[in-house]
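The residues making up each chain are set out below.
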Amino acid sequence: MDPAEYAITFACYGQLEYTRLCVQSMVRHGTPLERLVVVDNGSKDATRAYLDTLPLGGRIYNSDNLGCGVAWNQGALALQAEWTIVMNNDVLVSAGWIEGLIGAAREHGVRVISPSLVEGPLDYDFDAFAARASHDMRDALRLGWCHAVCLAVHKSVWLEIGYFQPVPALLGYEDTMFFHEMDKAGIRGATTGASWLHHFGSMTQSAMKQERGLAQKDGLGHRYNYRLLGKSWLRRKWDKLQRTRELDAWRDAELARYGMTMRGQAQPGGAITWT
């Protein structure tokens with residue numbers, strides 16, 4: 001597809017190794033770096049020196065860690081296109097990932113869409129796996145569920161509900177707030193089996209928790225951020241139950257048809273558990 005139809009952005013805060021692996025996977029699979037805007041949130045390692053060597057579409061250097069919401073918005077606004085892909089930096093892309101992602105959105109008439117994922121250690125041949133999986137599951141779609149590891153967002157969504165909440169204190173809750181605004185506006189997201197990423201597993205958030213002396217199970221943001229959703233305790237529990245039932249139904253249907261699902265957990269040694 002025409003690269004002018006899309007822009008890509010991710011934020012980073014340290015974790016240079018993962019940023020380099022992500023960019024290298026893009027180069028390996030022909031993703032044009034001139035369509036990529038990287039926002040650095042005050043890294044103290046050699047991230048910026050590395051970014052300066054790349055032919056990027058844009059680079060934004062914040063003096064402090066302004067959080068994901070601010071950084072994602074900066075990247076999305078710096079290079080505007082029909083589709084904006086907002087993603088983590090601790091991922092690997094695969095062959096045809098953009099064409100599969102946006103192609104599925106157009107085919108199914110959705111305006112926000114995510115790729116399928118395998119998460120965890122890279123003890124398997126991801127490129128070979130993704131080539132098979134994106135072919136075998138090219139018609140698979142979870143309508144009504146997407147995730148913030150990677151989102152392709154149509155420009156009409158920004159115009160309708162706005163961008164991400166630019167509040168640094170949200171610290172990892174920005175995606176929940178954005179999905180909440182989508183729900184209120186009746187915008188249904190989706191996940192497609194036609195595009196796959198490997199996700200190492202929220203490495204930036206893990207590093208930030210370590211800096212703050214938090215356990216990995218703890219949230220980064222304020223423990224009462226959920227109050228921003230304006231939902232009662234009972235409504236939150238009901239919504240969580242309904243989502244669990246949906247995820248279980250999708251998993252069972254995908255396993256029955258494809259022998260795999262749109263979300264896998266890689267195990268040491270290369271085995272993948274489907275969830």
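What you are looking at is a predicted structure, and each value in this text was computed from that prediction instead of being measured. (Residues numbered from 1 in each chain as written. Predicted model: local features only at pLDDT ≥ 70, side-chain atom pairs only at ≥ 80, totals over all residues. Heavy atoms only, no water.)

Overview of the pattern of salt bridges
- With the rule as written, the count across this model stands at 12 salt bridges.
- Here E246 makes a salt bridge to R243, at a shortest N to O gap of 2.8 Å. One end of the pair is E246 and the other is R243, both in helix α9 (residues 233–258) and three residues apart, which spans about a single turn.
- Given the relative accessible area of 35%, E246 is considered partly exposed.
- Within the structure, one salt-bridge network assembled from shared partners comprises E5, E82 and R106. (Salt bridge = Lys/Arg side-chain N within 4 Å of Asp/Glu carboxyl O. Helix = DSSP H or I, 4+ residues; strand = E, 2+ residues; numbered from the N terminus. Buried < 20%, exposed > 50% of the residue type's maximum accessible area, 1.4 Å probe, protein only.)

Quick word on the confidence of the model for the protein chain
- Residues of the protein chain with pLDDT of at least 70 account for 90%, and the chain-wide mean is 91.
- Predicted confidence is poor over residues 212–216, with pLDDT under 50, and the contacts of this stretch with residues over four places away or in other chains come to nine contacts. (pLDDT = per-residue confidence, 0-100. Contact = heavy atoms within 4.5 Å.)

As for helix α5 (residues 126–136)
- Those residues of α5 that sit buried are F126, F129, A130, A133 and S134. Along the axis of α5, the buried residues cluster in a sector spanning 120°; they form a single face.
- At its buried positions, α5 is contacted by β5 (91–92), β6 (112–119), β9 (190–199) and β11 (272–274).
- Among the residues of α5, the N-terminal cap falls to D125, whose side-chain oxygen and the backbone nitrogen of D127 are separated by 3.4 Å. (Arc of directions from axis to C-beta. Polar contact = N/O pair within 3.5 Å; in protein donor to acceptor, adjacent residues only side chain to side chain.)

What about helix α1 (residues 16–28)?
- In a regular helix each residue adds 1.5 Å, so 13 residues correspond to 18 Å; α1 covers 18 Å between its end C-alpha atoms and thus fits that length.
- Those residues of α1 that fall on the buried side of the exposure criterion are L16, Y18, T19, C22, V23, S25 and M26.
- Downstream of α1 by a residue or two, G30 has a phi angle that is positive, lying close to 80°. (Expected span 1.5 Å × (residues − 1).)

Let's talk about the packing of aromatic side chains
- Using the criterion set out here, one finds 11 aromatic pairs in the structure.
- Here Y124 and F126 contribute two aromatic rings whose centre-to-centre distance is 6.2 Å and whose plane-to-plane angle is 85°, an arrangement assigned as edge-to-face.
- Judged by relative accessible area, which is 14%, Y124 ranks as buried.
- With centroids separated by 5.9 Å and ring planes inclined at 45°, the aromatic side chains of W158 and F178 adopt a geometry described as tilted. Of this pair, W158 sits in helix α6 (residues 155–161) while F178 is found in helix α7 (residues 174–185), placing the two residues 20 residues apart along the sequence. (Phe/Tyr/Trp six-rings, centres within 6.5 Å; stacked < 30°, edge-to-face > 60°.)

A word on the pairing of strand β8 (residues 150–154)
- Counting buried positions over the five residues of β8 gives five, a clear majority of the element.
- Burial along β8 is two-sided: C150, A152 and H154 facing one way and L151 and V153 facing the other are all buried.
- Inspection of the sheet shows strand β4 (residues 83–87) paired to β8 by five bridges, in the antiparallel sense. The residue bridging M87 from the neighbouring strand is C150, located in β8.
- Of the strand pairs in this sheet, β6 and β8 are connected by two bridges, and their pairing is antiparallel. Its bridge partner lying in β8, I113 is registered against A152. (Pairing = 2+ DSSP bridges.)

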